[in-house]
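The residues making up each chain are set out below.
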Amino acid sequence: MIGLMKESGYEQTARPEEADILAINTCCFIQPATEESLDRIVEYARYKKENCRLLVVLGCLPQRYGRQLLDLLPEVDLWLGTGGYSRLPELIGAALARDRENGKRPGLFTVEKPGWLPEPGLARVLSTAPYTAYVKIAEGCENHCRYCVIPRIRGPYRSRPPEEIEQEVRELVDSGVKEINLVAQDTTAYGVDREGCSALPQLLSRLDRIEGDFWLRVLYAYPDRVSDELLAVFYGSEHLCAYLDLPLQHISGKILKAMGRHSTPEGILRLLERIRQLVPGMALRTTFILGYPGETEEDFDGLLSFLDVARFDWVGAFPYFPEEGTPAAVLKPQIPPAVRERRRQELLAKQEAITAEKNRALCGKHLKVLVEKNTADGWVGRSYREAPEIDGLVRLAPVNLPARTRVARTRAINPGDFLTVEVTGAETYEVYARLPAVMPP
Ligand code: SF4
């Protein structure tokens, strides 16, 4: 969207008080995300009293909730759903030319069928740090998990052509990006709409052939489509991080079925075994939903025991939210919110000990680290085991050198550098490592 606006002659500013147009891209897949989106709109609406001429709200919120938002938030001048991002400059032009008679006329509302894909050849403007980028390989979802509104908001699954993705990755790598995070609502379904079967292994092999010093990371893999062919690509790859984000949601067969997931407990256990056989040392992340309708204490105990068997590196946990319009919201019995939250906390507490143990087991080993930033406690970075924003980090301490040399070494480091370091210790979410005695040229 920023690329589109820049191509249309607009300038970007990071200071809202300077902006003529404020655009808020929204999320609403669960209740807290909806609340955050609404709070943010109200927060930015105050700039309308200053010099802002147009308040624009885009994305999932208008796509999901429709025209009822017009009365709720009359300050908004333009609403745009997930289907029409490409029309943003054109609609902003129309909204600027329109007289709202001091807010008496409702904002311009454009929600189309969700079918949008990133434009081929459009210049990317990174909103992340310059050394890391997310690249969308597909949009939409057809898994229809019973608790989830995303298929309704983002539409049917559609993959981007591989040559377009390759071109985007090449351009990012050429511009100095060191970490490419491949995302979609379901990355393992990549190609199903175009070729009838998953083409993720072929896409990854293709991207792996791009020259340069960079990492590729795959997020949001649906467990059932993690094939031996896909795992073989990880094993033989130069750029692909041995890291897989595998949202499982639960391990009880009864709950998985009630969720409309395709996985079975036996299939999940077999998959974990296959991953560890075929890609030894692969870091695994998963997420679980706690307190899904019908989840008993016994189901929850089964999930806790599964943590000991699966031994994930990282686990995320959400309490279940009954989302309006989903089949799960009317299932009985619903679990009280306090119980959902208690189970989430218990699960995270149990996993903490496992994550800490796995981190401590790295002591003495060497890791390649992508340096991120200098904090009051020194430089921090991430290894192949940590995805941006969601997992832990690696804290770098200078080697035991005379103070002057140490300062010189530390000054030679920049965000986006790759360094090989030696792990010296760990806490739950942090690994401590020593900087190399000799800095690479
Ligand atoms: S796979 Fe993910 S996005 Fe798709 S329906 Fe299930 S939870 Fe929602």
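Residues numbered from 1 in each chain as written. Predicted model: local features only at pLDDT ≥ 70, side-chain atom pairs only at ≥ 80, totals over all residues.

## A few points about helix H7 (residues 162-174)
Okay, step 1: Helix length check: H7, at 13 residues, gives a terminal C-alpha distance of 18 Å against a target of 18 Å (1.5 Å per residue), a fit within 8%.
Okay, step 2: The complete set of buried residues in H7 reads Ile165, Glu168, Val169, Leu172 and Val173. Along the axis of H7, the buried residues cluster in a sector spanning 130 degrees; they form a single face. Away from its buried face by more than 90 degrees, H7 exposes Glu163 and Asp174.
Okay, step 3: Tucked into the core, H7 has its buried residues touching strand S5 (132-136), strand S8 (179-183) and helix H9 (200-208).
Okay, step 4: Positive phi shows up at Gly176, right after H7, with a value of about 105 degrees. (Helix = DSSP H or I, 4+ residues; strand = E, 2+ residues; numbered from the N terminus. Expected span 1.5 Å × (residues − 1). Buried ≥ 20, exposed ≤ 12 C-beta atoms within 10 Å, placed from the backbone. Arc of directions from axis to C-beta. Contact = placed C-beta atoms within 7 Å.)

## Points about the domain arrangement of the protein chain
Okay, step 1: Assigned domains within the protein chain: domain 1 (2-110), domain 2 (132-358) and domain 3 (366-434).
Okay, step 2: Distance from the C-alpha centre of domain 2 to the C-alpha centre of domain 3: 27 Å.
Okay, step 3: Opposite the 21 residues of domain 2 that make contact, domain 3 presents 13 residues.
Okay, step 4: Looking at the side of domain 2 that touches domain 3, the elements that each hand over two or more residues are S8, strand S9 (215-218), strand S10 (240-245), strand S11 (283-290), strand S12 (314-319) and helix H14 (337-360).
Okay, step 5: For the side of domain 2 that touches domain 3, the element with the most residues is S10, which contributes 4 residues. (Domains from an automatic or database assignment.)

## Looking at the site of the ligand
Okay, step 1: In the region of the ligand, the neighbouring residues are Cys141, Asn143, His144, Cys145, Cys148, Ile150, Pro151, Gln185, Asp186 and Tyr222.
Okay, step 2: For the shell around the ligand, the per-class residue count stands at 6 nonpolar, 3 polar and 1 charged. (Near = placed C-beta within 6 Å. Nonpolar A, V, L, I, M, F, W, Y, C, P; charged D, E, K, R; others polar.)

## Comments concerning the sheet that holds S11
Okay, step 1: As summarised here, the arrangement of the 6 strands in space is S5-S8-S9-S10-S11-S12, forming an open sheet in which the pairing is parallel. For this open sheet the edge positions go to S5 and S12, each flanked by a neighbour on one side alone. Between one strand and the next, the sheet's axes are offset by a mean angle of 20 degrees, whatever the strand orientation.
Okay, step 2: Where S8 and S9 come together, 4 bridges link them in parallel fashion. Paired with Leu182 across the two strands is Val218, which belongs to S9. (Pairing = 2+ DSSP bridges. Axes fitted to C-alpha atoms, helices over the stretch in contact; angles between N-to-C directions.)

## Observations concerning H14
Three or four residues apart is the spacing at which side chains of an α-helix point the same way, because the helix has 3.6 residues per turn.
Okay, step 1: The end-to-end C-alpha separation of H14 is 35 Å, in line with the 34 Å expected for 24 residues at 1.5 Å each.
Okay, step 2: Among the residues of H14, Arg340, Arg343, Gln351, Thr355 and Asn359 are the ones counted as buried.
Okay, step 3: Check the buried side of H14 and you find it contacts S11, helix H13 (297-310), S12, strand S16 (418-426) and strand S17 (430-434).

## Regarding the pairing of S17
Okay, step 1: Only one face of S17 is covered, namely the face carrying Val431 and Ala433; the face carrying Glu430, Tyr432 and Arg434 is uncovered.
Okay, step 2: Looking at chain direction, strand S15 (residues 393-397) and S17 are connected through 5 bridges and run parallel. Bridged to Leu396 within S17 is Ala433.
Okay, step 3: Where S16 meets S17, 4 bridges bridge the pair, whose relative direction is antiparallel. From the neighbouring strand, Glu422 faces S17, where its bridge partner is Arg434.
Okay, step 4: Remark: 3 residues form the turn of the hairpin made by S16 and S17, two consecutive strands paired antiparallel.

## Regarding unusual backbone geometry
Okay, step 1: Cis geometry marks the peptide bond from Lys332 to Pro333, where omega comes out at -10 degrees.
Okay, step 2: Mapped onto the elements, Pro333 comes out in the loop between S12 and H14.
Okay, step 3: Phi at Glu389 takes a positive value of approximately 75 degrees, unusual for a residue other than glycine.
Okay, step 4: Along the chain, Glu389 turns up in the loop between strand S14 (378-382) and S15.
Okay, step 5: Take Glu389: there are 9 C-beta atoms within 10 Å of it, and that puts it in the exposed class.

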